[in-house]
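# Residue-level structural notes
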Amino acid sequence: MKRLLFFALLLLSIPGWACDVCGCSGTNFYLGVLPQFQKHFVGFRYRTQRYDTFMSRHHIDQADSRESFQAIDLWVRFYPLRRVQVLAIAPYQFHQQTQGNVVRRLQGLGDATVLVNYKLIDRSRIRDSAHVVKHALLVGGGAKLATGAHRYSETDLSDVANPNFQPGTGATDLVLNGIYTLRVNRWGMNVDANARITGTNAEGYHFGNRVNGSLIGFYVKQWGATAVMPSVGLYAEYARKDHKYGVLIQETGGYLAAATLGLDAYRGNWVVGVNAQLPVQQRISDGLVQAHSRLAIHLSRMF
Amino acid sequence: MNAIQHIRQRSFGWFLALSLVVSLVACTEQSDPGALVIDPKTNGELTLEFDNVVGGTNLALGKATYKNSFGEAFTVDAFNYFVSNVVLKKADGTTYNVPNSYYLVRESLASSQLVKLTDIPQGDYTGVSFVLGVDSTKSASPVTERIGALDPGTYGQAVDMYWSWNSGYIFVRLEGTSTAVPADRNGYYELHTGGFGGMTGKTVNNLRVVSLTTPTPATVRTRIAPTIHLLVDAGKVMDGSTKISLTSLYKDRTFNGIHSPEAAAKLGLPDNQQGMFMVDHVHNDPK
Ligand SMILES: [Cu+2]
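Treat the numbers as computed from the prediction; the structure is a model and nothing was measured. (Residues numbered from 1 in each chain as written. Chains lettered and ligands numbered in written order. Predicted model: local features only at pLDDT ≥ 70, side-chain atom pairs only at ≥ 80, totals over all residues. Heavy atoms only, no water.)

On to the overall build of chain B, then. Along the backbone of chain B there are 5 helices and 15 strands. Taken over the C-alpha trace, chain B has a radius of gyration of 25 Å; the compact-globule value for 287 residues is 19 Å, which it surpasses by more than 25%. With respect to the three principal axes, the spread of C-alpha positions in chain B is 105 × 45 × 35 Å. Put simply, of all contacts in chain B between residues at least 6 apart along the chain, 73% involve residues at least 24 apart. Carbon together with sulfur atoms contributes 57% to the accessible area of chain B, which is approximately 13700 Å² in total. Charge-centre separation for chain B: the mean point of 23 positive side chains lies 3 Å from the mean point of 26 negative side chains. (Helix = DSSP H or I, 4+ residues; strand = E, 2+ residues; numbered from the N terminus. Rg over C-alpha atoms; globule rule 2.2 N^0.38 Å. Contact = heavy atoms within 4.5 Å. Areas by Shrake-Rupley, 256 points an atom, 1.4 Å probe, with all protein chains shown as cover. Lys, Arg positive; Asp, Glu negative; His and termini not counted. Charge placed at Lys NZ, Arg CZ, Asp CG, Glu CD.)

Here it is, written out as structure tokens:
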């Protein structure tokens, strides 16, 4: 089973002139079902997220806005040692905010993440893709680096003066994660959890700590060198509120729970896949931000 | 690996897991205690945000049509008012008078709706009061002392908010179109309120004090610059304790709007306008 889903999620939103309403913000991070083969790979992923920000619910005089966040990720995985897996992801972000007729755009390199995972459990008996029994547990951690730009002007109106709208958070975060995969013949399940202990950036801004996790079931159907893998599951994320210079920012943080649907196809050393998250329950930024469905498409090559 | 090392490693793991759970799930989210310490030596900032509305909707100048309690449709083409003598009240009952505080809020000028008070002693403020209008002493002072928001000169900020030496400033100016106003008055209503008591001749005193409490304290600190977000309901001008019908007001063909202290008082405008204000919420945002 070869597959990787690796979400760097951005939950964001927008400010008005009196209060900075923000989404969960910062690069959120999601590890889906990982291919358990002892193989290196390199791939690209395109992902998109959209939000509605309801400033008017709070500030009757302020316009609502819509935000769109797109990114192209370059991701790499390799095994320097048999039980040690290194994952790296570098995003390039495209952000857009629409407020009435005003459209503001921003793009740039985002925050890269580097993770080192250790295979605590790795047992498998594989004959072919229809006769597989295996389970694997990986635990590890790493860092979300401050490679993305994080600067904006509070006075320049063409800027979106919100820490959340920046390509990077400006801070280095500690990342902890665990992934468990169980596969019995054509059926499998994947559980993962991911936590980020956030740092404080040079402007004294501290994005809230955050966790996310998912539970996904999948099925593998194979024809010769080609295989497809549909999957369905649940995803949830939770972020604490942000602080600036130790001062709590009320309209930040929150949670989102989503149903996930995925379809991956394998042929030779190539993997192509699409994955969607459909929100079922959410409360982001004290309810001022509403997340829409998220979509990701990826293409990877194994070595 | 010996047993002790093993236990150490395990307890470290548990410690990590536990601190993670605590840092993520602890349910009250607060500012750091250090950021909440009151520094009596440094003053802070507090902003009053005057958010003009009609009923539950945002006020849109000239565009939207509203209805008063008589079902008469009207637009708002101008909505301006003076706020002065701001007093902030702390939770412990002590007050702080903001010196020389005179502001002219205009719906047409977004920047005028954010009144930033600087040099405010740090503390927890739970109340704010102000005079709706320009107090008698200031109104009667030499024109050279009335500058900025109070400048009634041709190019002054208060040019359209001033009647005369004796009648003084227009404290609240509301006007717009209405189908209830006959065509011979251009279908345009004008409700102008002023009157500080008069200089050379006595007029009625239409000054009112607005006193409000905040639902949560505004915590002025070195790093916290709160905003007290007020909603100001222009609809209350016609629909306060006195209900005003534009049809009956404009039925006399010689009537051309409210343009004097006595007329405003007789119609009950000062009391109606005193009730326009409410504090909706407080932001204790970092500076
Ligand atoms: Cu507000």
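From this point on, the discussion continues.
What follows concerns the nonpolar core. Counting residues in each nonpolar core, the largest one holds 67 residues, and the members touching the most others are F50 and F79 of chain B. When residues of this core are assigned to their parent elements, the largest contribution, 6 residues, is made by strand β5 (residues 78–90) of chain B. Membership of the second largest hydrophobic core comes to 10 residues, among which are W75, I89, A227 and M302 of chain A. (Core = buried A, V, L, I, M, F, W, Y, C linked by side-chain atoms within 4.5 Å. Buried < 20%, exposed > 50% of the residue type's maximum accessible area, 1.4 Å probe, protein only.)

With that settled, the discussion passes to the packing of aromatic side chains. Counted according to the given criterion, the structure contains 16 aromatic pairs over all chains. Seen in terms of ring centroids, Y66 of chain B and F74 of chain B are 5.9 Å apart; in terms of plane orientation they differ by 45 degrees. Their pairing is tilted. We classify Y66 of chain B as buried; its relative accessible area is 8%. Taking the relative accessible area as the measure of exposure, F74 of chain B reaches 3% and is therefore buried. Considering the side-chain rings of F79 of chain B and Y81 of chain B, the 5.2 Å spacing of their centres and the 55 degrees angle between planes classify their relative orientation as tilted. Residue classification places Y81 of chain B among the buried positions, given a relative accessible area of 0%. Taken together through their ring pairs, the aromatic side chains of F50, F79, Y81, F130 and F277 of chain B make up a single cluster. Sitting over the ring of Y245 of chain A, R223 of chain B keeps its end group 3.7 Å from the ring centre. (Phe/Tyr/Trp six-rings, centres within 6.5 Å; stacked < 30°, edge-to-face > 60°. Lys NZ or Arg CZ within 6 Å of the ring centre and 35° of its normal.)

Caution applies to low-pLDDT regions: their predicted coordinates should not be interpreted in detail. When pLDDT is averaged across chain B, the result is 92; 91% of the residues are at 70 or more. With a pTM of 0.81, the predicted complex shows an ipTM of 0.74. (pLDDT = per-residue confidence, 0-100.)

Moving on, we get to the pattern of salt bridges. Pairing between side chains of opposite charge can happen when their charged atoms approach one another. The tally for this structure, following the rule as stated, stands at 16 salt bridges over all chains. For E237 of chain A, the salt bridge identified is with R294 of chain A, shortest N-O distance 3.2 Å. With a gap of 57 residues between them, E237 of chain A in strand β14 (residues 226–239) and R294 of chain A in strand β20 (residues 294–302) connect regions that are remote in the sequence. Neither residue differs from the other here; E237 of chain A and R294 of chain A are each classed as buried. Linking E29 of chain B and R240 of chain A is a salt bridge whose minimum nitrogen-to-oxygen distance equals 3.8 Å. Note that E29 of chain B is positioned in the loop between α1 (3–25) and β1 (43–54) and R240 of chain A in the loop between β14 and β15 (243–244), a pairing that runs across two chains. Given the relative accessible area of 10%, R240 of chain A is considered buried. What emerges from the salt-bridge pattern is a single network uniting R45, R47 and D73 of chain A. (Salt bridge = Lys/Arg side-chain N within 4 Å of Asp/Glu carboxyl O.)

Ordered by their spatial adjacency, 3 strands build an open sheet running β11-β15-β16 (chain A), and the pairing between neighbours is antiparallel. Both outer strands of the open sheet, β11 (205–206) and β16 (247–248) of chain A, are each paired with one neighbouring strand and no more. (Pairing = 2+ DSSP bridges.)

Here we come to unusual backbone geometry. One non-glycine residue with positive phi stands out, namely D286 of chain A, at about 60 degrees. Look at N100 of chain B: it is not a glycine, yet its phi comes out positive at around 50 degrees. Structurally, N100 of chain B can be placed in the loop between β6 (95–97) and β7 (102–106). Overall, the relative accessible area of 63% leaves N100 of chain B in the exposed class.

Okay, the pairing of strand β18 (residues 270–284) of chain A next. Residue and element names in this part refer to chain A. Here strand β17 (residues 254–267) pairs with β18 via 14 bridges, running antiparallel. Across the sheet, the residue bridging to A265 is V272, located in β18. Linking two consecutive strands that pair antiparallel, namely β17 and β18, is a turn of 2 residues; a positive phi of about 60 degrees is found at G268 within it. Inspection of the sheet shows β18 paired to β20 by 8 bridges, in the antiparallel sense. Residue V272 lies in a different strand from β20, and its bridge partner there is L299.

This part covers the environment of K241 of chain A. Mapping K241 of chain A onto the fold places it in the loop between β14 and β15. Each C-alpha atom, one on K241 of chain A and one on R210 of chain A, is 9.2 Å from the other, the two residues being 31 residues apart in sequence. Residues contacting K241 of chain A, with those up to four places away along its chain left out, are G208, L248, I249, Q250, T252, G253 and D286 of chain A together with E29 of chain B. Polar side-chain contacts of K241 of chain A include one of 2.9 Å to the backbone oxygen of Q250 of chain A. In terms of polar contacts, K241 of chain A uses its side chain to reach the side chain of D286 of chain A, at 3.1 Å. (Polar contact = N/O pair within 3.5 Å; in protein donor to acceptor, adjacent residues only side chain to side chain.)

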